[in-house]
Amino acid sequence: MNLIQHADSPRYIRLHERDNVVVVVNDQGVPAGTEFDNGLVTIDNVPQSHKVNTVDIPEGGAVIRYGQTIGYALQPIPRGSWVKEDQLRMPSAPPLDSLPLSTDVPGRGEPLEGFTFEGYRNADGTVGTRNILGITTTVQCVTGVLDFAVKRIREELLPKYPSVDDVVAITHTYGCGVAITAKDAYIPIRTVRNLARNPNLGGEALVIGLGCEKLQAEQVMHQNDPSVDLSDEWMYRLQDSKHGFNEMIEQIMELAEVRLKKLDQRRRETVPASELILGMQCGGSDAFSGITANPALGYASDLLLRAGATVMFSEVTEVRDAIYLLTSRAETTEVAEELVREMDWYDRYLAKGEADRSANTTPGNKKGGLSNIVEKSLGSIVKSGNSAINGVLGPGERVNRKGLIFCATPASDFVCGTLQLAAGMNLHVFTTGRGTPYGLAMSPVVKVSTRTELAHRWPDLIDIDAGRIATGRASIEDLGWELFHFYLDVASGKKKTWTEHYRLHNDITLFNPAPIT
Ligand code: CA
């Protein structure tokens, strides 16, 4: 990375030696006529995080960032221009039938020994970073009653059980009025089932249903499953109430208290860093995401993998255009083929809705300097670091191995977060350039800003400022190590993230590609 460093002089970042566009990093951007140290002169006003071309680009010429083509010039672009979306023709998505499969597999990094955190060991062998009572639901009909009960549980019961961090209602919009036998219904159903098994919930099963709904409690909880404890009465249906609302609340509180007592007995113990299951995501991205925050996550991801942990990355529409860079890194051709299968499934899913991958980018992304989904993807996959990809999970599937895992999810923040919780993550990290107060109730969420300006504006929402990489105050390596240690401290409960501090969280949002009736 070529970084021109002087606090107030015009500065840009070039990520790859082949790049013919660079990104302006000055807070206020640079005006037309600005001369950079190496003689490049801008002919337009260029805002921060937007692109300038360092050479004349002819009509039809490739615009190159991250060493890859992000578009073709629709007209000649003279050197020093502000390079924007409307000047570019987007390359077509890489065809799925001619991808390099497992051709360039990175070797294993030197093992990192001796790193630990303080976690809650579960009966099924997983480890929680928090000790939370989760209450599963089979249908949206029960949400109002359960939310009422949870408020009382939090106020009246939780203070009696100080080792329990929280109580969370796993409410959702599925369960009835849905085509429950449709081909793709397994996705929301297994998601509800696996959410209840998240390591941060301690294996205490409790399901609240209505009674007449399509999704039945037995479909989300199974006897003989070591990940949930069904030894106590584990289900309550509101329609069994003979004495109205108050009886429902009393029943739910009684069932909850049995579990709170058990959860309160648990103590943290020292476990190896390999028990961490980190889910990575980005949202509200800008052109800095791929320069600062995502490369830092990638560095920290490589460290975690060297320590033997599980690291998941996701967001199909944000890897689709760079898929050739991932299939080549797959540990085996089988893993590469699973990646291709997930891309193909999603291409068909989007086609059914007469949409394509270009539907991903938002107005905010574009204002932040991301021209199109190709550029966004290249910046997004940087999160996955430089390690081999060891496995692939379908949406809602639970992870059952260590290593670097592609967990196939939509890019939508809350849907991706929900599916990573179902996959079993016990810690979440989220990078943002434009800024979002996004959070999750079942897992700590580490928020990383791509720009220092955002970290200064939102000091009480951003946990780590990766913008320091752009200003030369920290290297990717520095930030990577800082994140690695921060992950372990948060996992241990020694540090709390801002979203935990305020209990900010988004709703559980299931991915339901099947019809609603
Ligand atoms: Ca996202």
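Structural notes, computed from the coordinates. (Residues numbered from 1 in each chain as written. Predicted model: local features only at pLDDT ≥ 70, side-chain atom pairs only at ≥ 80, totals over all residues. Heavy atoms only, no water.)

Time to look at the layout of surface pockets. Here the largest pocket is characterised by a volume of approximately 650 Å³. Tyr-66, Leu-378, Val-382, Gly-385 and Asn-386 are, among the 22 residues lining the largest pocket, the residues nearest its centre. Here the lining of the largest pocket gets four residues from one element, more than from any other, and that element is helix H5 (residues 293-306). Here the residues of the lining of the largest pocket are counted per class, giving 11 nonpolar, eight polar and three charged. The volume enclosed by the second largest pocket comes to roughly 380 Å³. Around the second largest pocket, the lining is made up of 19 residues, and of these Arg-108, Gly-109, Leu-305, Ser-387 and Asn-390 lie nearest the centre. (1 Å grid on protein atoms, 1.4 Å probe; cavity = no way out; pocket = protein on both sides within 12 Å on 5 of 7 lines; lining within 4 Å. Points joined across faces, edges and corners; volume = space filled by probe spheres on them. Helix = DSSP H or I, 4+ residues; strand = E, 2+ residues; numbered from the N terminus. Nonpolar A, V, L, I, M, F, W, Y, C, P; charged D, E, K, R; others polar.)

This part is about the packing of helix H1 (residues 143-157) against helix H4 (residues 244-264). Close contact between H1 and H4 brings their axes to 9 Å; oriented N to C, the two are set at 50°. Regarding the angle of H1 to H4, the classification is oblique. Crossing hand, H1 versus H4: right-handed. Contacts between H1 and H4 pair Val-145, Leu-146, Phe-148, Ala-149, Arg-152, Ile-153, Glu-156 and Leu-157 from the former with Phe-245, Met-248, Ile-249, Glu-250, Ile-252, Met-253, Ala-256, Glu-257 and Leu-260 from the latter. For the contact of H1 with H4, the per-class residue count stands at 13 nonpolar, no polar and four charged. (Axes fitted to C-alpha atoms, helices over the stretch in contact; angles between N-to-C directions. Parallel < 35°, antiparallel > 145°, perpendicular 65-115°, else oblique. Left-handed = near helix turned anticlockwise from the far one by under 90°. Contact = heavy atoms within 4.5 Å.)

The next subject is empty space enclosed by the protein. Scanning all chains against the criterion turns up five cavities of 30 Å³ or more. In this structure, the largest cavity occupies an estimated 40 Å³ of space. In terms of lining residues, the largest cavity is bounded by Tyr-66, Cys-282, Ser-285, Asp-286, Ser-289, Gly-290, Asn-294, Leu-370, Lys-376, Gly-379 and Ser-380. No other element matches the three residues that helix H9 (residues 373-380) contributes to the lining of the largest cavity. Partitioning the lining of the largest cavity into residue classes produces three nonpolar, six polar and two charged.

In this model, helix H12 (residues 476-491) (16 residues) spans 22 Å end to end at C-alpha, consistent with the 22 Å of a helix rising 1.5 Å per residue. Those residues of H12 not exposed but buried are Leu-479, Gly-480, Leu-483, Phe-484, Phe-486, Tyr-487, Leu-488, Val-490 and Ala-491. Along its buried surface, H12 packs onto strand S9 (116-121), strand S16 (277-282), H5, strand S20 (427-432), strand S21 (445-449) and strand S22 (464-465). (Expected span 1.5 Å × (residues − 1). Buried < 20%, exposed > 50% of the residue type's maximum accessible area, 1.4 Å probe, protein only.)

Along strand S11 (residues 132-137), six of the six residues are buried, which leaves the element largely enclosed by surrounding structure. Residues Ile-132, Gly-134 and Thr-136 of S11 are buried on one face, and the alternating residues Leu-133, Ile-135 and Thr-137, pointing to the opposite face, are buried as well. Taken together, the two bridges between S11 and strand S13 (residues 207-209) define a ladder with parallel strand orientation. Within the sheet, the bridge partner assigned to Thr-137 lies in S13 and is Ile-208. (Pairing = 2+ DSSP bridges.)

Turning our attention to the pattern of salt bridges. Oppositely charged side chains can pair when the atoms bearing their charge come close. Inspection of the entire model under this criterion finds 31 salt bridges. Lys-366 is the partner of Glu-85 in a salt bridge, and the nearest nitrogen-oxygen pair spans 3.2 Å. Of this pair, Glu-85 sits in the loop between strand S7 (82-83) and strand S8 (88-89) while Lys-366 sits in helix H8 (residues 363-367), and the two are 281 residues apart along the sequence. On the basis of relative accessibility, which here comes to 39%, the residue Glu-85 falls in the partly exposed class. Lys-366 gets classed as partly exposed once you look at its relative accessible area, which sits at 30%. (Salt bridge = Lys/Arg side-chain N within 4 Å of Asp/Glu carboxyl O.)

Read across the sheet, seven strands follow the order S18-S19-S17-S16-S20-S21-S22 without closing on themselves; strand pairing throughout is parallel. Looking at the sheet topology across the chains shown, the edges are occupied by strand S18 (391-393) and S22. Where S18 and strand S19 (residues 403-407) come together, three bridges link them in parallel fashion. Bridge pairing in S19 places Gly-391 opposite Ile-405. Lying on the sheet, helix H10 (residues 413-423) is in contact with S16, strand S17 (310-313), S18, S19 and S20; it crosses S16 at an angle near 170°.

Below, the discussion takes up the pairing of S16. Here S16 lies mainly inside the structure; six of its six residues are buried. Because side chains alternate across S16, one face comprises the buried residues Ile-277, Gly-279 and Gln-281, and the other comprises Leu-278, Met-280 and Cys-282, equally buried. In the sheet, S16 pairs with S17 via three bridges, with the strands oriented parallel. Residue Ile-277 lies in a different strand from S17, and its bridge partner there is Thr-310. In the sheet, S16 pairs with S20 via five bridges, with the strands oriented parallel. When the sheet's bridge partners are listed, Gln-281 is paired in S20 with Phe-430.

Now for the nonpolar core. One finds Leu-276, Phe-406, Val-446, Val-448 and Tyr-487 to be the most contacted residues of the largest nonpolar core, which totals 72 residues. Within the second largest apolar cluster, 39 residues are counted, among which are Ile-170, Val-192, Met-221 and Val-228. (Core = buried A, V, L, I, M, F, W, Y, C linked by side-chain atoms within 4.5 Å.)

On to the sheet that holds strand S10 (residues 127-128). Here three strands make up an open sheet; going across it, the order is S10-S9-S15 and the pairing antiparallel. Either end of the sheet is taken by a strand with one partner, and the two such strands are S10 and strand S15 (269-272). Sheet topology note: the S9/S15 ladder contains four bridges and is antiparallel. Bridge assignment links Glu-118 to a residue of S15, and that residue is Thr-270.

Glancing now at the side chain of Lys-51. With respect to the helices and strands, Lys-51 occurs in strand S4 (residues 51-53). Here the side chain of Lys-51 touches Glu-375 through a polar contact of 2.8 Å, side chain to side chain. Leave out the neighbours within four places in its chain, and Lys-51 touches Val-21, Val-22, Val-23, Val-46, Arg-65, Ile-70, Ser-81, Trp-82, Val-83, Gly-369, Ser-371 and Glu-375. (Polar contact = N/O pair within 3.5 Å; in protein donor to acceptor, adjacent residues only side chain to side chain.)

Shape descriptors only; they carry no functional weight alone.
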